Amino acid sequence: MASSTADTATRVTLAYENQPIYSCANCAAVIVLQDELISKAFSGRDGRGYLMHSATNVKLGKKEDRPLLTGVHTVADVFCLGCNERIGWFYHKAAEYSQKYKEGKYLLEKERIIKENTWTLDDSLASLAPDTIDTDIG
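Keep in mind that what you see is a predicted model, and the values were worked out from it rather than measured.

Over the atoms rolls a probe the size of a water molecule, and its path tells where empty space is left. Of the pockets and cavities examined, the largest pocket occupies roughly 190 Å³. Taken together, F42, S43, G44, R45, R66, L68, L69, T70, W89, Y91 and K102 make up the full set of residues lining the largest pocket. Listing elements by their share of the lining of the largest pocket, those giving two or more residues are β3 (37-44), β5 (58-68) and β7 (86-94). Broken down by element, the lining of the largest pocket gets its largest block of residues, 3 residues, from β3. Its residues assigned to classes, the lining of the largest pocket comprises 5 nonpolar, 3 polar and 3 charged.

Here it is as structure tokens:
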């Protein structure tokens, strides 16, 4: 009988199959679907950051109160399960009312994740290849 951990891993794999994702820049573990992106207008420790609804294949570090650009927040660093690299943080609590929308969200640092698309050439588009287009004008 398969363990519940194996069942969960299978569900995660199937949920992300053929979907555009962000993966860990260090080990290529799947971190989040691109559809989970809320905003690219955030700052991380080392540059730009993306605010996300959720993340997978991650673990949280210790909660701490951290002064950030928008005030003090209770956050926990987020680590990739594949390589243990710090890839951002999780917002547990915001002190300022105007920042409460961040609670329960992930800030993933752009330099620590890679955008991966699952584009394929559709058969109907393949028929439009340059060698099949009639260019004879005379």
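After that view, the rundown keeps rolling.
The subject of this paragraph is the side chain of D77. Within the secondary structure, D77 sits in strand β6 (residues 71-80). Taking the relative accessible area as the measure of exposure, D77 reaches 13% and is therefore buried. Looking at D77, its side chain comes within polar contact range of the side chain of R66, at 2.9 Å. Dropping the residues within four chain positions of it, D77 is found in contact with R45, K59, L60, G61, K62, R66, R86, G88 and W89.

Each strand in a sheet pairs with another by means of backbone hydrogen bonds, the pair being arranged parallel or else antiparallel. The sheet built from 3 strands is open, its strands ordered β2-β1-β9 with antiparallel pairing. Sheet topology places β2 (30-33) and β9 (113-116) at the edges, where each strand pairs with a single neighbour. The average angle at which neighbouring strand axes cross in this sheet is 30°, direction not considered. Here strand β1 (residues 21-24) pairs with β9 via 4 bridges, running antiparallel. Note that in β9 the partner of S23 across the bridge is I114.

What counts and what doesn't
Residues numbered from 1 in each chain as written. Predicted model: local features only at pLDDT ≥ 70, side-chain atom pairs only at ≥ 80, totals over all residues. Heavy atoms only, no water. 1 Å grid on protein atoms, 1.4 Å probe; cavity = no way out; pocket = protein on both sides within 12 Å on 5 of 7 lines; lining within 4 Å. Points joined across faces, edges and corners; volume = space filled by probe spheres on them. Helix = DSSP H or I, 4+ residues; strand = E, 2+ residues; numbered from the N terminus. Nonpolar A, V, L, I, M, F, W, Y, C, P; charged D, E, K, R; others polar. Buried < 20%, exposed > 50% of the residue type's maximum accessible area, 1.4 Å probe, protein only. Polar contact = N/O pair within 3.5 Å; in protein donor to acceptor, adjacent residues only side chain to side chain. Contact = heavy atoms within 4.5 Å. Pairing = 2+ DSSP bridges. Axes fitted to C-alpha atoms, helices over the stretch in contact; angles between N-to-C directions.

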